[in-house]
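Here are the chains, one letter per residue:
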Amino acid sequence: MTTPAPAPAPVTTPTPTPVTTPAPGPATAPKATAPGLRRTVPAAAALAAVLLLALAGCGGRATTHHKPGTRHEQATGGNGTLLAARDESGHRLRELPAAEAPAVRAEVRPDTEGGWNVHLALERFRLTPESTGGAALAGRGHARLLVDGRETARAYGPWFHVPAGARTLTVRLYADDHTVWATGGAPVQTTVPLAASAATPSAPSATPSRTPEPPATPATRTLDIRVTGSTVTPAPSRVELKKGERLTLRVTSDRADTVHVHGYDREAALAPGTPATLTLTADRTGLFEVETHESGLVLTQLVVR
Amino acid sequence: MTAPPPPLLPLAHGVGAQHDLPLSPFYAYAGAFTALLVSFLGLGLLWSSSRFRGDRAGRALPAAVQRCADAPATRTALRVLGAALALLFLLHLVLGPDDPDRNPAPGALYVLLWVGLVPASLLLGPVWRLLNPLRALLALRPPRAPRPVPAAVGIRPAAAGLLLFAWLELVAPDNTARPVLLTALAVHLAVQLLGAARHGAAWFAHADPFEAYSSLLARLSPLGRRADGRLVLRSPLNGLDATPETPGLVAAVCVLLGTTAYDGLSDNPRWITTLQTSPLGPTPTATLGLLAAVALAAVCYGLCAGTLRLLNRALTTPLTSFAHSLLPIALGYLTAHYFSLLAVEGPRTVMMAVGTDNAAAPAPPLGPAGLAVLQVTAIVTGHVLGVVAAHDRAVRLFPPARAVAGQLPLFVLMIAYTLGGIGLLIA
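Residues numbered from 1 in each chain as written. Chains lettered and ligands numbered in written order. Predicted model: local features only at pLDDT ≥ 70, side-chain atom pairs only at ≥ 80, totals over all residues.

### Observations regarding the overall build of chain B
Next up, step 1: Within chain B, the regular secondary structure consists of 19 helices and 4 strands.
Next up, step 2: Over its C-alpha atoms chain B spans a radius of gyration of 22 Å, differing by no more than 12% from the 22 Å that the globule rule assigns to 427 residues.
Next up, step 3: Oriented by its inertia axes, the alpha-carbon framework of chain B measures out at about 80 × 55 × 40 Å.
Next up, step 4: Looking at chain B residue by residue over its 427 residues, the buried ones come to 45%. (Helix = DSSP H or I, 4+ residues; strand = E, 2+ residues; numbered from the N terminus. Rg over C-alpha atoms; globule rule 2.2 N^0.38 Å. Buried ≥ 20, exposed ≤ 12 C-beta atoms within 10 Å, placed from the backbone.)

Written out as structure tokens, the structure reads:
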């Protein structure tokens, strides 16, 4: 169906086949033909114009721009100078003067369910996921995340989550053509340590080398609770918490069950004999019960003031 | 996060995930001290001859307001409104999801009706009498020759109903599940409709727990009806003084006091431990606890009434003569325990009813300090109103020489109730 059969459409305009090169002045063609052909379809003509504009690629872009994924070689535009140095995975560095070079800062906050929430503060830089693969333009590109020195993901937005278990996070800025933005011969990047105190699922000794450092983030209290039959040890009592304090519940049950913190609506599955941990930030004041679902036992009460 | 997703379990707990913070000692001591001080001041300084005139007091509202309120159209509109709300409740209960987080029916019963009746009755009088859908149902086919309810029955059936409802709310397992609610509703309907078929609509005033509850709380409303039938604005103390001394009044008041006290007790970790380790099982133990709380409230009052009888042989009905003075104390308990439930879960229930799926509970309107002040103020205000009501009744019933001495047992009882109430909020 490459040729439109019905008459009303502007037949003389290019048929909607994929356009790989920008058509010269596509916007003027339908406007010239439409009034001449049929007066009844100015709306269709306008629609066709919009379609053509979209097909021809966004005309406002710089001429060095390529559609995403159409080229893989590194373009050598006028933005910065390519250096001989490469990063770990072989991308060349692209040097900019310090005044024009972007800058990145990462703000890290532990998440209540484990891992960290990271926010990137970028200067002179815009994340442009829509043009990744195109030529390098100063101040545009994406960020790559290196967890413990290994690249794990790209960031196309300022917020992302790093799962538990990571110790350091490096964020490095890349241009659209996958060259590394650099200034003074060094990549533009930031490295933040991830505190070892944040919630981790209770995988026993997953990384034996980990040493629990004193936590940098708000203090975390740990509460051990053991459930045997219908007996809870220690007996249900009240845990006084300050608003904003973090609490880790480590619950060991002698049968499969679910532990549930009311109000915060946090749950963790309990396997017989295996301690399950649940970490939460006490960010709501009130009295909340920690309960098991199957056996319906109250394990403790959290008093958050 | 490789852990498997937690299984989807029905939430087996009542309405409301958050409880009020325990009272900090400062507020508790301040409240207790105020209560004691006011009591002693009242004993020494209050009037020495009775001032309240009960249902003869009050400033009449304009005739237009009275005509509007008493118009058959108003009454019919309220009946239809009550019936429509009941139908909506029933439809949600039967057709909605069986999950209290997504179905507004449990919240409508435990929060909007049970707790919402408190402010509604306090402002507008016995509203449930006007809205009661059972009355609308009966009006469709009224019995031909209703027999009068025997005088000895009084509001005893309603007191029993209140106790059963409190059991459902505070003790019954899975009390928000559809089968449980439907069973309770069926029992309620059967008792009410069978009684009404025999005794006519008058039966509801004696046996419908919500109607009795609303009418009792409405004694403290500034809006009332004088003995001559006029709608009046009056002091709540006059309204309280006019509380009819029907059989079952003491029982109803003791049920209100005892069950609200049990609600406070059930948050206590020690009581929770007792429940969970009891050889009887949690539900029977909780039932016993609820009954014990009601019995304790009743025994304290009984002892007090017995002492009053010893002090004044002429006092033939010591129990019912002073029962009205416990109503403000019960109201104080109710306000202190249920305010935040109404403020948080009430709007959430309404949001669910208008179709918001999985509505979030709104933030509590008061911070911890504000709530503590409100709770203590409610309990102390109830105490003060109770002391004043009892004082006035005492100077009316006792000879002047013995009026002060005659109040002492009540005085001790009220201080015990108030300190107990504050103590339950700390615990």
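Past the structure itself, the notes keep going.
### Description of the sheet that holds strand S2 (residues 59-60) of chain B
Residue and element names in this part refer to chain B.
Next up, step 1: Taking strand neighbours across the sheet as the criterion, the 3 strands line up as S2-S4-S3 in an open arrangement whose pairing is antiparallel. Among the strands making up the open sheet, the edge pair consists of S2 and strand S3 (223-225).
Next up, step 2: Direction of pairing for S2 relative to strand S4 (residues 231-233): antiparallel, over a ladder of 2 bridges. Its bridge partner being in S4, Arg 59 is matched across the sheet by Leu 233. (Pairing = 2+ DSSP bridges.)

### A short note on the packing of helix H1 (residues 25-45) of chain B against helix H18 (residues 368-397) of chain B
Residue and element names in this part refer to chain B.
Next up, step 1: Close contact between H1 and H18 brings their axes to 10 Å; oriented N to C, the two are set at 15 degrees. The orientation of H1 relative to H18 falls into the category roughly parallel. The interaxial crossing formed by H1 with H18 has right-handed handedness. Across the interface between the two elements, Tyr 27, Ala 30, Gly 31, Thr 34, Ala 35, Val 38, Ser 39 and Gly 42 from H1 touch Ala 372, Val 373, Val 376, Ile 379, Val 380, His 383, Val 384, Val 387, Val 388 and His 391 from H18.
Next up, step 2: Grouping the amino acids of the contact of H1 with H18 by side-chain chemistry returns 12 nonpolar, 6 polar and no charged. (Axes fitted to C-alpha atoms, helices over the stretch in contact; angles between N-to-C directions. Parallel < 35°, antiparallel > 145°, perpendicular 65-115°, else oblique. Left-handed = near helix turned anticlockwise from the far one by under 90°. Contact = placed C-beta atoms within 7 Å. Nonpolar A, V, L, I, M, F, W, Y, C, P; charged D, E, K, R; others polar.)

### A word on the domain arrangement of chain A
Next up, step 1: Partitioning chain A into domains gives domain 1 (11-60), domain 2 (81-193) and domain 3 (220-304).
Next up, step 2: With centres defined by C-alpha atoms, the gap from domain 2 of chain A to domain 3 of chain A works out at 39 Å. (Domains from an automatic or database assignment.)

### Some details on the pairing of strand S20 (residues 286-292) of chain A
Next up, step 1: Burial analysis of S20(A) places 6 of its 7 residues in the buried class, which makes it a mostly covered element.
Next up, step 2: With 3 bridges connecting them, strand S17 (residues 257-261) of chain A and S20(A) associate as antiparallel partners. Opposite Val261(A), over in S20(A), you have Val290(A) as the bridge partner.
Next up, step 3: Relative to strand S21 (residues 298-304) of chain A, S20(A) runs antiparallel, the two sharing 6 bridges. Across the sheet, residue Glu289(A) finds its bridge partner in S21(A), namely Gln301(A).
Next up, step 4: Linkage of S20(A) to S21(A), two consecutive antiparallel strands, is achieved through a turn of 5 residues, within which Gly296(A) is found at a positive phi near 65 degrees.
Next up, step 5: Sheet topology places S20(A) next to strand S1 (residues 18-19) of chain B; 2 bridges connect them, and they run antiparallel. Looking at S1(B), one finds that Phe288(A) is bridged to Gln18(B).

### Observations regarding the packing of helix H8 (residues 156-170) of chain B against helix H13 (residues 249-265) of chain B
Residue and element names in this part refer to chain B.
Next up, step 1: Running from N to C, H8 and H13 cross one another at 10 degrees; their axes reach a closest spacing of 9 Å. In terms of axis orientation, H8 runs roughly parallel to H13. Judged by residue contacts, Arg 156, Ala 158, Ala 159, Leu 162, Leu 163, Ala 166 and Leu 170 of H8 engage Ala 251, Ala 252, Val 255, Leu 256, Thr 259, Tyr 262 and Asp 263 from H13.
Next up, step 2: The class makeup of the residues in the contact of H8 with H13 is 11 nonpolar, 1 polar and 2 charged.

### Observations regarding the sheet that holds strand S14 (residues 231-233) of chain A
The strands making up a sheet associate through hydrogen bonds between their backbones, and the pairing can be parallel or antiparallel.
All names here are of chain A.
Next up, step 1: Overall, mixed pairing links the 4 strands, which are arranged S14-S13-S16-S19 in an open sheet. Two strands close off the open sheet at either side, each with one partner strand: S14 and strand S19 (276-281). On average, each strand axis in the sheet is inclined to that of its neighbour by 25 degrees, with strand direction left out of account.
Next up, step 2: One ladder, built from 3 bridges, connects strand S13 (residues 220-228) with S14; its direction is antiparallel. Directly across from Thr 228, in S14, lies its bridge partner Thr 231.

### Side note on unusual backbone geometry
Of all residues except glycine, most have a negative phi; of all peptide bonds, most are trans.
Next up, step 1: The step from Thr233(A) to Pro234(A) runs through a cis peptide bond, and the omega angle for that step is -10 degrees.
Next up, step 2: Notably, His178(A) is not glycine yet its phi reads approximately 70 degrees, a positive angle.
Next up, step 3: In this structure, Asp174(B) is a non-glycine residue whose phi angle is positive, near 55 degrees.
Next up, step 4: Tracing the chain through its elements places Asp174(B) in the loop between H8 and helix H9 (178-199).

### Quick word on the interface of chain B and chain A
Next up, step 1: The interface is formed by 20 residues belonging to chain B together with 26 residues belonging to chain A.
Next up, step 2: When contributions to the side of chain B that touches chain A are tallied by element, the ones reaching two or more residues are S1 and helix H14 (269-277) of chain B.
Next up, step 3: Looking at which element gives the most residues to the side of chain B that touches chain A, the answer is H14(B), with 5 residues.
Next up, step 4: Among the residues making up the side of chain B that touches chain A, the classes are represented as 13 nonpolar, 5 polar and 2 charged.

### As for the nonpolar core
Next up, step 1: Leu162(B), Ala252(B), Val253(B), Cys254(B), Val255(B), Leu257(B) and Ala330(B) are the most contacted members of the largest nonpolar core, which totals 107 residues.
Next up, step 2: The element best represented in this core is H18(B), accounting for 14 residues.
Next up, step 3: In this structure Ala330(B) touches Val253(B), Leu256(B), Leu257(B) and Thr260(B), once residues within four positions along its chain are discounted.
Next up, step 4: Formed by 25 residues, the second largest nonpolar core is a distinct cluster that contains Phe125(A), Ala136(A), Leu173(A) and Val180(A). (Core = buried A, V, L, I, M, F, W, Y, C linked by C-beta atoms within 7 Å.)

### Observations regarding the environment of Ala108(B)
Next up, step 1: Here Ala108(B) is to be found in helix H4 (residues 104-113).
Next up, step 2: Each C-alpha atom of the pair Ala108(B) and Phe89(B) lies 7.3 Å from the other, and the pair is 19 residues apart in sequence.

### What to know about the UniProt feature "transmembrane region" (unreviewed entry) in chain B
All names here are of chain B.
Next up, step 1: What UniProt calls "transmembrane region" (unreviewed entry) maps, in this numbering, to residues 26-47, 76-95, 107-128, 149-168, 285-311, 323-344, 372-391 and 403-426.
Next up, step 2: Span residues 26-47 is 91% helix and 0% strand, its end C-alpha atoms 32 Å apart.
Next up, step 3: The span residues 323-344 is 86% helical and 0% strand by assignment, and the distance between its end C-alpha atoms comes to 32 Å. (UniProt positions renumbered as here; feature names shortened; annotations may be inferred.)

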